[in-house]
Amino acid sequence: MSRALATTPSTPPQPLPSQLDGTRLPAHVALIMDGNGRWARQRGLPRVMGHRAGVEALKRTLRLCSDWGIGALTAYAFSTENWTRPGEEVTFLMTLFESVLARELEALEREQVRIRFLGDLEALPSRLQDLIAAATARTAVNDGIHFNVCTNYGGRRELVRAARRLAQRAAAGELDAATIDEALFADELFTAGEVDPDLLIRTSGEQRISNFLLWQLAYAELHITEVLWPDFDQAALLAALLDYQGRTRRFGGITAAS
Ligand code: IPE
Ligand code: IPE
Ligand code: MG
């Protein structure tokens, strides 16, 4: 069951736009939410105001993905490299994550969203870790959209962690190293159990992956938009999905027409 992520229980779900083919939607959308700082600078505001506005864009996007029947949304909220930013910005972001999570948990629960946080969570402030644990547990049985928030996430670190976990199991005699295959490896990633993203959306025009889902994006279609993340709205999501539906996915093979 998929219901709207409503700010109030009465917010009606948005229907799927008629231009989209409901049978060919991506099952999993990955999202690099970039451009918050530039959005703020353009308005003469401190960078952190861009992050605050970015939260509203994420709520909008999650609600639309849920309403339109997309199965999973994985959003990049904080990378392992983002710790190099000025201390005040990092502190602001951690506090923002805490307050948003505390404030939105009830709505997530009500709307059947299953939230998970992917990344090296032990390095996060303990208050945030507690909120994450509570939100994950409280929404674990929900049958709506899978909402994955990558927090202190790095693709390389995730791959190294998977290799280390497999090596430890092999050393303990639980696993024969010769049996390690792609499926076994994928089971050690934070995204275990989730299908790979079909579509990656990156805002603010940057044409790079920035250490996001290095394994999982192997065959994702890429949609890069100039829209800055806080401005990302229904029209921008529709454009990304139309772009996706116009692609021919080949996965290294050939299509009937070629
Ligand atoms: C993305 O916006 C949010 C995070 C990385 C936390 P940025 O803060 O990177 O915004 P720009 O790229 O500086 O405009
Ligand atoms: C990617 O954006 C990380 C997140 C959106 C959390 P960055 O702004 O950190 O990436 P670069 O530095 O432009 O590659
Ligand atoms: Mg950026």
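Calculation notes
Residues numbered from 1 in each chain as written. Chains lettered and ligands numbered in written order. Predicted model: local features only at pLDDT ≥ 70, side-chain atom pairs only at ≥ 80, totals over all residues. Heavy atoms only, no water. Near = heavy atom within 4 Å. Polar contact = N/O pair within 3.5 Å; in protein donor to acceptor, adjacent residues only side chain to side chain. Areas by Shrake-Rupley, 256 points an atom, 1.4 Å probe, with all protein chains shown as cover. Disulfide = S-S within 2.5 Å. Pairing = 2+ DSSP bridges. Helix = DSSP H or I, 4+ residues; strand = E, 2+ residues; numbered from the N terminus. Axes fitted to C-alpha atoms, helices over the stretch in contact; angles between N-to-C directions. Contact = heavy atoms within 4.5 Å. Buried < 20%, exposed > 50% of the residue type's maximum accessible area, 1.4 Å probe, protein only. Right-handed = clockwise from strand over helix to strand, strands pointing away. 1 Å grid on protein atoms, 1.4 Å probe; cavity = no way out; pocket = protein on both sides within 12 Å on 5 of 7 lines; lining within 4 Å. Sits in = over half its atoms within 2 Å of the grid points. Nonpolar A, V, L, I, M, F, W, Y, C, P; charged D, E, K, R; others polar.

A. Looking closely at the site of ligand 2. The environment of ligand 2 is formed by Ile32, Met33, Asp34, Tyr76, Ala77, Phe78, Ser79, Asn82, Arg85, Arg202, Arg208 and Ser210. Contacts to ligand 2 include Asn82, whose side-chain N or O atom sits 2.9 Å from an oxygen atom. Interatomic distance of 3.4 Å between a side-chain N/O atom of Arg202 and an oxygen atom of ligand 2. Protein chains bury 78% of the 390 Å² of accessible surface belonging to ligand 2 in isolation.

B. Structural detail: the state of the cysteines. Within this structure, the stated rule accounts for zero disulfides. For the unlinked cysteine Cys150, the closest cysteine sulfur is that of Cys65, found at 14 Å.

C. Seen up close, the sheet that holds strand E2 (residues 72-79). Read across the open sheet, the six strands follow the order E3-E4-E2-E1-E5-E6; overall the sheet is parallel. The sheet terminates laterally at strand E3 (114-118) and strand E6 (221-224), the two strands that pair on one side only. The sheet shows a mean angle of 20° between the axes of neighbouring strands, direction not considered. Where E3 and strand E4 (residues 146-153) come together, five bridges link them in parallel fashion. Across the sheet, residue Ile115 finds its bridge partner in E4, namely Phe147. Lying over the sheet, helix H3 (residues 87-110) contacts E2, E3 and E4, oriented at roughly 155° with respect to E2.

D. Structural detail: the pairing of E3. Of all five residues in E3, four are buried; the element is thus mostly enclosed. The parallel pair E3 and E4 is bridged by helix H4 (residues 126-139), and the resulting crossover is left-handed.

E. A look at the pairing of strand E5 (residues 199-202). Burial of E5 is two-sided: the residues Leu199 and Ile201 facing one way and the residues Leu200 and Arg202 facing the other way are all buried. The pairing of strand E1 (residues 28-32) with E5 spans four bridges and is parallel. Within E5, the position partnered with Leu31 by the bridge is Ile201.

F. A look at the environment of Val29. Along the polypeptide, Val29 turns up in strand E1. When its relative accessible area of 1% is taken as the criterion, Val29 is described as buried. Separated by 139 residues in the primary sequence, Val29 and Gln168 place their C-alpha atoms 32 Å from one another. Every residue in contact with Val29, bar those within four places of it in the chain, is listed here: Ile70, Ala72, Leu73, Thr74, Leu199 and Ile201.

G. Spatial organisation of the site of ligand 1. The immediate surroundings of ligand 1 are formed by Met33, Asp34, Gly35, Asn36, Gly37, Arg38, Arg47, His51, Ala77, Asn82, Arg85 and Leu93. Separating an oxygen atom of ligand 1 from a side-chain N or O atom of Arg38 is a distance of 2.8 Å. Protein coverage of the free-state accessible area of ligand 1, which is 380 Å², stands at 86%. At a threshold of 2 Å from the grid points, most atoms of ligand 1 map onto the largest pocket. Elements with a contribution of two residues or more to the shell around ligand 1: helix H1 (36-42) and helix H2 (47-68). Looking at the shell around ligand 1 element by element, the count peaks at three residues for H1. A class-by-class count of the residues in the shell around ligand 1 yields three nonpolar, five polar and four charged.

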